[in-house]
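Residue strings, one per chain:
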Amino acid sequence: MQKHVASLSLALRATLDMHSLNNEGGEGNQIQTRMVDIVDHLGQLHNVNAISGDMLKHVLMEHFYRQAREHHLPLCQSCQSFNTNRINADRDFIKRTEAEKVSDADFLDQMLQTCAIDDVAGVLVTEKRSLPRKSISEFGWVLGLPDRVSTGSYFHAKYASERSSEKRAEDAEGQKTGANLGQSIFHRPASSGIYAMVCHLELARIGYNDIKQTYAIDETQRQLRTTLLLESLLHTFIELNGAMRSTQLPHLVTLEGVLTTSSGTLPAPLISPLVGGSEDNNSYREQTKQVVQALNGTSGESVQQETFNAVGEFASKMRELIDATAPTAWATGR
Ligand SMILES: [Zn+2]
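Position numbers for residues count from 1 along each chain, tracking the sequence in the order it is written. With pLDDT at 70 or above as the cut-off, local features in this predicted model cover only qualifying residues; side-chain atom pairs require 80 or more to be listed or tallied, and sums for whole chains, interfaces and linings still use all residues. Hydrogens and water molecules were not included; the side-chain quantities draw on all heavy atoms of the structure.

Another aspect to go through is the overall build of the protein chain. In terms of helices and strands, the protein chain carries 8 helices and 16 strands. Type-normalised accessible area, obtained with a 1.4 Å probe on protein chains alone, sets the label of each residue: buried when under 20%, exposed when over 50%, and partly exposed for intermediate values. Expressed as a percentage of its 334 residues, the buried residues of the protein chain come to 47%. Across the protein chain, every contact between residues at least 6 apart in sequence was considered, and the portion connecting residues at least 24 apart equals 77%. Across the protein chain, the centroid of the 32 positively charged side chains sits 4 Å from that of the 40 negatively charged ones. For the purposes of this entry, the term helix denotes a DSSP run of H or I that reaches at least four residues, the term strand denotes a run of E that reaches at least two, and both are numbered from the N terminus. We call two residues in contact when some of their heavy atoms are within 4.5 Å. For the purpose of charge, His is not counted, nor are the chain termini; Lys and Arg are scored as positive and Asp and Glu as negative. Charge placement uses NZ in Lys and CZ in Arg. For Asp and Glu, CG and CD serve respectively.

Written out as structure tokens, the structure is:
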């Protein structure tokens, strides 16, 4: 049965072991992990390990880019090579719209028709005009649950096979230019723990021109972009890209949470998985259920929720959703 989905939210708790997805930079040969301050449900302040939402958004778009190429979705010149400047770096498009004195509303139409990535990921057009396109996908910070994450610093070495005195002198000379050819040691952090994640997709806005309040692309193209974005969302959590994956590929041990969808104008409800605290993994799901019931009232089921307790179960629920989802069209003059 087809299911019209206008909005989708995910609240997750993920157990990730020995990952290094969140490096902040280095001091000497010591790489730092990212720490942020959060307040728990009892008002207590905690300093926790965290991964920024930029990383998950970037991972989602990497997967969407691959899907878009495979399924021949339109992409601007810039996004064809996954240039993050998006349509700003498509010189022909910018030049033509400038020469033709295209209005902002028409520019938006043409941009949505020209590029699926600019449509879904959003962009701030800064070339020749200032025009924002709000992203369809939104991610929050990935936050370690208080007292449930531990970060260690591990010693690594880069060995040089040739260690003669001549070679060492040559490498030392190279050090001055930053070539870093010699043997070196460094410390790298790795973290293990339970992390809270939040994500929202505003699917009804795919192809939607926010100035004209109409869709710039047809139903078939909206369906394709919707399906591929949902596929990419599934891939994001199954294949977590990020820093240092070549030797510190994260172990994803559990993935539990709640998935909500809305078919109308209501946003799919999203309650932070931090709710309830580290000891309680059910309150955020229970509260989500209450919100879903309250939003639906006695009439219909325009808001729905699914809970899951493992990676496999999450993947199955997402698969069902992907196969059933048809985009919801907002009432427009279209
Ligand atoms: Zn683009």
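Resuming the write-up.
Let's shift gears to the packing of aromatic side chains. The rule is short: rings of Phe, Tyr and Trp, with Trp giving its six-membered ring, pair when the centres are within 6.5 Å, and they are stacked under 30 degrees, edge-to-face over 60, tilted in between. In this structure the tally under the stated criterion is 5 aromatic pairs. Measuring from centroid to centroid gives 4.9 Å for Tyr 208 and Tyr 215, while their planes differ by 65°, and the two rings are edge-to-face. Tyr 208 gets classed as buried once you look at its relative accessible area, which sits at 4%. Taking the centre distance of 5.1 Å and the plane angle of 50° together, the rings of Phe 308 and Phe 314 count as tilted. Residue Phe 308 shares its accessibility class with Phe 314, and that shared class is buried. By the ring-pair criterion, three or more aromatic residues cluster together here, those being Phe 237, Phe 308 and Phe 314. Charge-over-ring placement is defined geometrically: NZ (Lys) or CZ (Arg) within 6 Å of the ring centre, and within 35 degrees of the ring normal. The ring of Tyr 215 has Arg 222 lying over it, and the distance from NZ or CZ to the ring centre is 3.9 Å.

This part covers the nonpolar core. In this text, buried Ala, Val, Leu, Ile, Met, Phe, Trp, Tyr and Cys residues form a nonpolar core when linked through side-chain atoms within 4.5 Å. By size, the foremost hydrophobic cluster in this structure holds 57 residues, and its most contacted members are Leu 8, Leu 10, Phe 64, Ile 117, Leu 229, Leu 233 and Phe 237. Apart from the residues lying within four places of it in its own chain, the contact partners of Ile 117 are Met 61, Phe 64, Tyr 65, Leu 75, Cys 79, Phe 82, Arg 86 and Gly 122. Judged by nonpolar contacts, the second largest core, of 5 residues, contains Ile 38, Val 48, Ala 50 and Leu 143.

Right, let's get into the pattern of salt bridges. The term salt bridge refers to a side-chain nitrogen of Lys or Arg lying within 4 Å of a carboxyl oxygen of Asp or Glu. Enumeration over the complete set of coordinates arrives at 17 salt bridges. With its nearest N and O atoms 3.4 Å apart, the salt bridge here joins Arg 205 to Glu 202. Note on Glu 202: relative accessible area 18%, which makes it buried. With its nearest N and O atoms 3.3 Å apart, the salt bridge here joins Glu 306 to Lys 317. Here the residue Glu 306 occupies a position in strand S15 (residues 303-308), and Lys 317 occupies one in helix H8 (residues 311-324), the gap between them amounting to 11 residues. Looking at Glu 306, the relative accessible area reads 32%, which means it is partly exposed. Overlapping salt bridges bring together Asp 119, Arg 133, Lys 134, Glu 138, Glu 202, Arg 205, Asp 210 and Arg 225 as one network.

The next point concerns the pairing of strand S10 (residues 142-158). Two strands pair if DSSP finds at least two bridges between them. Taken together, the 2 bridges between strand S6 (residues 45-51) and S10 define a ladder with antiparallel strand orientation. Counted as the bridge partner of Ala 50 is Leu 143 from S10. With 12 bridges joining them, S10 and strand S11 (residues 184-201) adopt antiparallel strand pairing. What sits directly across from Phe 155, in S11, is His 187.

Only Cys 76 (SG), Cys 79 (SG), Cys 115 (SG) and Asp 118 (OD) from the protein coordinate the zinc ion, and they sit 1.8 to 2.3 Å from it. Around the zinc ion sit 4 donor atoms, and with donor-metal-donor angles ranging over 94 to 124° the site reads as tetrahedral. Donor residues for the zinc ion sit on one chain with the sequence pattern C-x2-C-x35-C-x2-D. Taken together, the positions of Cys 79 in the loop between helix H1 (53-70) and helix H2 (91-99) and Asp 118 in helix H4 (residues 116-121) put the pair 39 residues apart, joining distant regions of the chain. Donor atoms are limited to N, O and S found within 2.8 Å of the metal ion, a distance that becomes 3.2 Å for Na, K and Ca. With water left out, some sites might look partial. In this scheme the shape depends on donor count and angles: four donors with every angle between 85 and 135 degrees give tetrahedral, four or six donors with opposite pairs above 155 degrees and others between 65 and 115 give square planar or octahedral in turn, and any other case is irregular.

Turning our eyes to something else, we now look at the pairing of strand S5 (residues 35-39). Judged by which residues are buried, S5 turns out to be one-sided: Val 36 and Ile 38 face inward and are buried, whereas Met 35, Asp 37 and Val 39, on the alternate face, are not. As paired strands, S5 and S6 are joined by 5 bridges and run antiparallel to one another. What sits directly across from Met 35, in S6, is Asn 49. Linking two consecutive strands that pair antiparallel, namely S5 and S6, is a turn of 5 residues; a positive phi of about 85° is found at Gly 43 within it.

We classify Asp 118 as buried; its relative accessible area is 0%. In this structure, the C-alpha to C-alpha distance between Asp 118 and Leu 56, residues 62 residues apart in sequence, is 17 Å. The residues contacting Asp 118, other than those within four sequence positions of it, are Cys 76, Cys 79, Arg 86, Ile 87, Met 111, Val 123 and Arg 133. Among the polar contacts listed, one links the side chain of Asp 118 to the backbone nitrogen of Ile 87, at a separation of 3.1 Å. The definition of a polar contact used here is a pair of N or O atoms within 3.5 Å, where within protein one atom must be able to donate a hydrogen and the other to accept one, and adjacent residues in sequence count solely through side-chain atom pairs.

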